[in-house]
Amino acid sequence: MKKPKFSIIVTVYNIEEQLGRCLNSLVNQSFHDIEIIVVNDGSTDHSQDVIDQFHKNYPDLIRPFIQKNSGGDWGARNTGIKHVSSPFFSFVDGDDYVHPDYALKLYEAITKNNADMAVCGLDRIDIESGKKVTTDMNQYGYKTIDTSGNDSILAFINPGPCNKAYRYEKVKHLRFEAIRGSCDLFFMLAAMPSLEKITIIPDSLYYYMMHRDSQIFNIKDSDLKVFENNFLKIKKLYNKNKKNQRLLNYLDLMVFIHFGISIMYRVSYNSDNLRKKSKEILQFLNTNFKGWRASPFLTFKYSEKKGFK
């Protein structure tokens, strides 16, 4: 049997009402040389019935897998990675959906530029109102950058995996860690030393449905130590050899952006002592990732030239 050129991993957990829209958007892609790996992470609703119907109608496209609930997207994504049979792959959450040219444009971007990852724009949509809230990753135009850490765009690529295509050989050794609310960030940080070129396309090809009760907005104080330990683990990976060390300045900036700002903002939803937590995080940054203070990408001069973020 001929192997497909592009794999799409779909994660599913109790989303029977949204799953049909997602799978419809995938089976109707303009690029037909694909496989759709659907991983049911122990759903207790009728999600599997939806999967079974699509598998019956599209047996050459849909590859279904069922597993016990892993407690998060990471488990289903890791299962999907193990079953990829093509040179390139992407992730889609089963309650989201994609543009008809999603697979085609990501595949063309990564192959024509000999890149290791391709990134497209995405629209964030409020699931209750159906209104677009923001658009991300469409401000840079079409360009290919290297991962030397000398381009600020590298640090401002959103860490979510779903608007990206990956070269399988480069990331096949990686797995998502069971980290509440930030497994995506740590996957991208762990992948970066294996990537040499990244192509960015401005087209909004992914439609991300925002859930107000998401783990993203429910970071607890108890999660902070987990984040710290994993940031230090990534730093050891970057210090492993001289090739990886080129990314240390990038890592310092990423930890500042995502731990010092983004995660701290989310902690504010549930923390009773925000000032104390802020001081603790600042101390952690200044002790372990102090290069953020000297980052050229945070200076007024650079921002005035390149644009404020």
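These figures come from a predicted structure and were not determined experimentally.

K.L.:
Please provide a residue-by-residue account of the overall build of the chain, values included.
P.N.:
Scanning the chain for helices and strands turns up 11 helices and 10 strands. Taken over the C-alpha trace, the chain has a radius of gyration of 19 Å; the compact-globule value for 309 residues is 19 Å, and the two agree within 12%. Dimensions of the chain, computed from the C-alpha atoms along their principal axes, are close to 55 × 45 × 35 Å. Classification of the 309 residues of the chain by burial places 51% in the buried group. Sequence separation of at least 24 residues holds for 79% of the intrachain contacts in the chain that already meet a minimum separation of 6. For the chain, the exposed surface amounts to about 14,900 Å²; the carbon and sulfur share of it is 50%. The chain carries 43 positive and 35 negative side-chain charges, and their two centres are separated by 9 Å.

K.L.:
Let's hear about the side chain of E35: which residues, and what values?
P.N.:
Following the sequence through the fold, E35 ends up in strand β2 (residues 34–41). Engagement of the side chain of E35 in a polar contact is seen with the side chain of S85, the distance being 2.9 Å. In contact with E35, not counting residues within four places along its chain, are P4, F6, S7, I8, L61, R63, H83, V84, S85 and S86.

K.L.:
Give a detailed account of helix α1 (residues 16–27), specifying residues and quantitative values.
P.N.:
Its 12 residues place the ends of α1 17 Å apart at the C-alpha level, agreeing with the 16 Å of an ideal helix rising 1.5 Å per residue. Listed in full, the buried residues belonging to α1 are Q18, L19, G20, C22, L23, S25, L26 and V27. On its buried side, α1 packs onto β1 (6–12), β2, α2 (47–57), β3 (62–67), β4 (88–93) and β5 (97–98).

K.L.:
Could you give an account of a negative patch on the surface, naming the residues involved and the relevant values?
P.N.:
Taken together, the side chains of E16, E17, D49 and D52 make up a negatively charged region of the molecular surface. Looking at the negative patch, the elements with two or more residues in it are α1 and α2. By relative accessible area, E17 is classed as exposed at 73%.

K.L.:
Give a description of the nonpolar core that names residues and reports values.
P.N.:
Most often, soluble globular proteins keep nonpolar side chains buried together rather than apart. One finds F6, V10, L189, F231 and Y250 to be the most contacted residues of the largest nonpolar core, which totals 98 residues. Per-element accounting of this core gives the leading share, 11 residues, to helix α9 (residues 248–267). Residue contacts for F6: discarding those within four places in its chain leaves F31, D33, I34, E35, S86, F88, F89, S90, A103, L106, Y107 and A165.

K.L.:
Outline the pairing of strand β9 (residues 164–167), listing residues and values.
P.N.:
Burial along β9 is two-sided: K164 and Y166 and A165 and R167, pointing in opposite directions, are all buried. In this sheet, β9 lies alongside strand β6 (residues 117–126) in antiparallel orientation, the contact comprising three bridges. Within β9, the position partnered with M117 by the bridge is Y166.

What counts, and where the lines are drawn
Residues numbered from 1 in each chain as written. Predicted model: local features only at pLDDT ≥ 70, side-chain atom pairs only at ≥ 80, totals over all residues. Heavy atoms only, no water. Helix = DSSP H or I, 4+ residues; strand = E, 2+ residues; numbered from the N terminus. Rg over C-alpha atoms; globule rule 2.2 N^0.38 Å. Buried < 20%, exposed > 50% of the residue type's maximum accessible area, 1.4 Å probe, protein only. Contact = heavy atoms within 4.5 Å. Areas by Shrake-Rupley, 256 points an atom, 1.4 Å probe, with all protein chains shown as cover. Lys, Arg positive; Asp, Glu negative; His and termini not counted. Charge placed at Lys NZ, Arg CZ, Asp CG, Glu CD. Polar contact = N/O pair within 3.5 Å; in protein donor to acceptor, adjacent residues only side chain to side chain. Expected span 1.5 Å × (residues − 1). Patch = residues over 30% accessible without salt bridge, like charges linked within 9 Å, V, L, I, M, F, W, Y side chains within 5 Å. Salt bridge = Lys/Arg side-chain N within 4 Å of Asp/Glu carboxyl O. Core = buried A, V, L, I, M, F, W, Y, C linked by side-chain atoms within 4.5 Å. Pairing = 2+ DSSP bridges.

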